[in-house]
Amino acid sequence: MHTHHDEWILILDFGSQYTQLIARRLREQNVYCEIHPYNAPKKDFENHPPKGIILSGGPKSVYDEDAPVLNLNYFDFNVPVLGICYGLQSLAHSISPDSVEKADKREFGRAELLINDHSDLFKGIDDGSTVWMSHGDHIRNLPSPYEIIAHTQNAPVAAVKHAEKPIYGVQFHPEVVHTEDGAKILENFVKEICACSGDWTAASFIETEIEAIRKQVGDNKVICGLSGGVDSTVVATLIHKAIGDQLLCIFVDNGLLRKDEYQKVLQTYKEHLHLPVKGIDASDLFLDKLEGISDPEEKRKIIGNTFIEVFDKAIENETEYKFLAQGTLYPDVIESVSFKGPSATIKSHHNVGGLPEKMNLDLIEPVRELFKDEVRNVGRELGIPENFIGRHPFPGPGMGIRVLGEINREKLSLLREADDIFIQSLRDHDLYDDVWQALAVLLPVQSVGVMGDERTYEYTVALRAVTSVDGMTADWAHLPYEFLAEVSNRIINEVRGVNRVVYDISSKPPATIEWE
Ligand code: XMP
């Protein structure tokens, strides 16, 4: 729940696949917003009312038996309201139940917006601007006191406005990029109509968050597990700024990290970011426990549990720790808040799942309101070096799921060398930032090769590089042939034990990014 943003917009979620996009678009205007289920009780927000409310779209028809119903108490806030698609229909339906009807034809795709009223919502927007429609129902009889402020060729009611109050509705989706002036329409709503100043920036976030952390933590102490990734690093740096040495960070070498990663990252944490960090080399413990295990899920479980064991041991005598800091992001939070009801449980981070209950620690999650790119901006503002901010994601189980099948030290060492050549080459050729994630995989097969006059029988390395926005879907990166040739040559020449390199050209779905 929000606590400390002066100006904010409440987005009530009626289940649309685009609800997160509404939030993205408002944040781009530097306006803070939160998504809550459509049936969240109004009293949750009474201590800190929003400056405006957006009703999202949704997959239902207002006539469906289990259709989500608009809670009219929200109008008591007396703030502007914008209903989008289902949001608009539920506004009309609440006044006149027969105002919405099933359209003869479902309408999907582009339409031209013909504007009757350019005064506020459509200020500065030209007639004929493209909008994106996606609906089955539409409004037939617009109930008064609503008035039509825009139409399209197929939809006589494309946008409406209440005659006396700042209540609006649009049939199209201003939040999707296909709606040409969608960002401007949302900007008009939040800045002109709701009068938000748009002062929510990384710097202001840091300032308010530092204050909030100080208040939450008091004189207590906080521990934070670092992974070498952006999220946990930003969290630790932010908390350190707030409470200094009341924070202790722990960075574990699980023996499954990239080449030189443990030393390099530990050094960055200490020397550049000045974080109070305790490095723990637990690689033998992890690798011994993984011996003989080949099932990927079993490997993950062992790695997760061993992490908890190591973490637990590291602070077993440090009883003054009351908080555990985690890099939970907003998409994780939204994902776990079902729009069907507010009985949400928040996903625990895979690395430390189980630890908070076991050790009686309260969670502190300072970036749980942010999207990934916003976390990066906060990191930049905190002075975290750019090459750290732009690092590719790296999974918690690390190379444990990149040596396919059974893991041993020798295979890990081969993979580390091959992976290092691939990643360094991407950096040397300025290709690193063009791909979302890159990795090498050691396959559990050996094949015949010839080197000099000798027949060889050695391992195969698969290279994988993908482009993606969020890792949910991905395409294989179209890296230049010359580059791939060079990397392949180097790996086969320099990594003894590998005689074949292949490049993975599968997209996700149906493949995944990792091989295990
Ligand atoms: P997949 O392989 O599911 O990966 O397409 C999507 C993203 O998630 C990462 N990944 C993991 N991260 N623990 C993690 O912390 C895991 O067990 C795990 N498995 C996959 C993967 O690297 C990619 O960025």
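Residue indices begin from 1 for each chain and proceed along its sequence in written order. Local features in this predicted model are restricted to residues whose pLDDT is 70 or higher, and side-chain atom pairs enter the listing and the counts only when it is 80 or higher, whereas totals over whole chains, interfaces and linings include all residues. The side-chain values count all of the structure's non-hydrogen atoms but skip hydrogen atoms and water molecules.

Novice: With reference to specific residues and values, describe the overall build of the protein chain.
Specialist: Note on conventions: DSSP H or I runs of at least 4 residues are helices, E runs of at least 2 residues are strands, and numbering of each starts at the N terminus. Within the protein chain one finds 14 helices and 18 strands. Expressed along its principal axes, the backbone C-alpha trace of the protein chain runs to roughly 85 × 60 × 40 Å. Every residue pair with non-hydrogen atoms within 4.5 Å of one another is taken to be in contact. Counting only contacts in the protein chain whose residues sit at least 6 apart along the sequence, the fraction spanning at least 24 positions is 75%. Here the Shrake-Rupley method, with its probe set to 1.4 Å, supplies the accessible areas, and only the displayed protein chains count as covering residues. Surface accessibility of the protein chain: about 23,600 Å² in total, with carbon and sulfur atoms responsible for 47%. Once the 51 positive and 81 negative side-chain charges of the protein chain are each reduced to a mean point, those two points are 2 Å apart. In this charge count, Lys and Arg are treated as positive and Asp and Glu as negative; neither His nor the chain ends contribute. Here the site of a charge means NZ on Lys, CZ on Arg, CG on Asp, or CD on Glu.

Novice: Explain the packing of helix 4 (residues 202–217) against helix 5 (residues 230–243) to me, using residue names and the numbers behind them.
Specialist: An axis is simply a line fitted to the C-alpha atoms; with a helix, the fit covers only the stretch in contact. Between two such axes, the angle follows the N-to-C directions and lies from 0 to 180 degrees. With their axes 9 Å apart at the nearest point, helix 4 and helix 5 run at an angle of 65 degrees to one another. By the criterion of interaxial angle, the relationship of helix 4 to helix 5 is roughly perpendicular. Our pair here, helix 4 against helix 5, has a crossing hand that is right-handed. For the pair helix 4 and helix 5, contact is made by F205, I206, E209, I210, I213, R214 and V217 and by L238, I239, K241, A242 and I243, respectively. Here the nonpolar group is Ala, Val, Leu, Ile, Met, Phe, Trp, Tyr, Cys and Pro; Asp, Glu, Lys and Arg are the charged ones; every other residue, Gly included, is treated as polar. Classifying every residue of the contact of helix 4 with helix 5 gives nine nonpolar, no polar and three charged. Angles are sorted into four bins: roughly parallel if under 35 degrees, roughly antiparallel if over 145, roughly perpendicular if 65 to 115, and oblique for all others. By definition, any crossing whose near helix is turned counterclockwise from its far helix by less than a right angle is left-handed, and any crossing with a clockwise turn is right-handed.

Novice: Before we move on, can you summarise the nonpolar core with the specific residues and values?
Specialist: Residue types Ala, Val, Leu, Ile, Met, Phe, Trp, Tyr and Cys, when buried and joined through side-chain atoms within 4.5 Å, form a set referred to as a nonpolar core. Burial status follows relative accessibility: with a 1.4 Å probe on protein chains alone, a residue under 20% of its type maximum counts as buried, one over 50% as exposed, and anything between as partly exposed. Residues I53, V222, L226, I239, F251 and Y269 are the most contacted members of the largest nonpolar core, which totals 68 residues. An automatic or database domain assignment is the source of the domain bounds shown. Looking at this core, you find at least three residues from each of domain 1 (9–193) and domain 2 (202–389). If sequence neighbours within four positions are ignored, I239 has contacts with I213, V222, G244, L247, A325, I364 and P366.

Novice: Run through the domain arrangement of the protein chain, naming residues and quoting values.
Specialist: We note that the domain assignment places domain 1 (9–193), domain 2 (202–389) and domain 3 (408–503) within the protein chain. Placing the centre of domain 1 and that of domain 2 at their C-alpha centroids yields a distance of 38 Å.

Novice: Run through the sheet that holds strand 5 (residues 100–115), naming residues and quoting values.
Specialist: Should DSSP find at least two bridges between two strands, the strands are regarded as paired. As summarised here, the arrangement of the nine strands in space is 2-1-3-4-9-8-7-5-6, forming an open sheet in which the pairing is mixed. On the outer flanks of this sheet lie strand 2 (32–37) and strand 6 (129–139), each paired with one strand and no other. Sheet twist, expressed as the average angle between the axes of neighbouring strands with direction ignored, equals 25 degrees. The pairing of strand 4 (residues 81–84) with strand 9 (residues 167–170) spans four bridges and is parallel. Within the sheet, the bridge partner assigned to G83 lies in strand 9 and is G169. In the packing of helix 1 (residues 19–28) onto the sheet, contacts are made with strand 1 (8–13), strand 2, strand 3 (52–55) and strand 4, and the angle to strand 2 comes to roughly 165 degrees.

Novice: Tell me about the sheet that holds strand 12 (residues 277–281), residues and numbers included.
Specialist: Pairing within the open sheet is parallel, and its five strands lie in the order 12-11-10-13-14. Edge positions in the sheet fall to strand 12 and strand 14 (362–364), since each of these pairs with one other strand and no more. In this sheet, neighbouring strand axes are inclined to one another by 30 degrees on average, regardless of whether the strands run parallel or antiparallel. With three bridges joining them, strand 13 (residues 321–325) and strand 14 adopt parallel strand pairing. Each residue of the ladder has a partner; that of F323, found in strand 14, is D362. Helix-sheet contacts for helix 8 (residues 296–314) involve strand 10 (221–226), strand 11 (247–253), strand 12 and strand 13, and the interaxial angle to strand 11 is about 140 degrees.

Novice: How would you explain the pattern of salt bridges if you had to name every residue and give the values?
Specialist: One speaks of a salt bridge when a side-chain nitrogen belonging to Lys or Arg is within 4 Å of a carboxyl oxygen belonging to Asp or Glu. Tallied over the full model, the rule gives 28 salt bridges. Members of the salt-bridge network, linked through shared partners, are R24, R27, D373 and E374.

Novice: Give me the lowdown on the packing of aromatic side chains, citing residues and values where you can.
Specialist: Working definition: a ring pair exists when centres of Phe, Tyr or Trp rings (six-membered ring for Trp) sit within 6.5 Å. Plane angles under 30 degrees give stacked, over 60 give edge-to-face, the rest tilted. Here the structure, examined in full by the defined rule, presents 13 aromatic pairs. Between Y32 and W200, the aromatic rings sit 5.2 Å apart at their centres with planes inclined by 50 degrees, giving tilted as the arrangement. Taken together, the positions of Y32 in strand 2 and W200 in the loop between helix 3 (182–193) and helix 4 put the pair 168 residues apart, joining distant regions of the chain. There is no split in this pair, since Y32 and W200 are both buried. Ring pairing ties together the aromatic residues W8, F45, Y74 and F77, which thus form one cluster. Comment: the charge-over-ring label is applied if NZ (Lys) or CZ (Arg) is within 6 Å of the ring centre and within 35 degrees of the ring normal. The ring of F388 is capped by R391, whose NZ or CZ atom sits 5.0 Å from the centre of that ring. In this arrangement the basic side chain of R427 is found over the ring face of Y432, its NZ or CZ atom lying 3.8 Å from the centre.

Novice: Give a description of the environment of T179 that names residues and reports values.
Specialist: Inspection of the secondary structure puts T179 in the loop between strand 9 and helix 3. Among the residues examined, T179 registers a relative accessible area of 3% and is labelled buried. Between the C-alpha atom of T179 and that of V131, which follows or precedes it by 48 residues, the distance is 4.1 Å. Leave out the neighbours within four places in its chain, and T179 touches T130, V131, W132, F172, H173 and P174.

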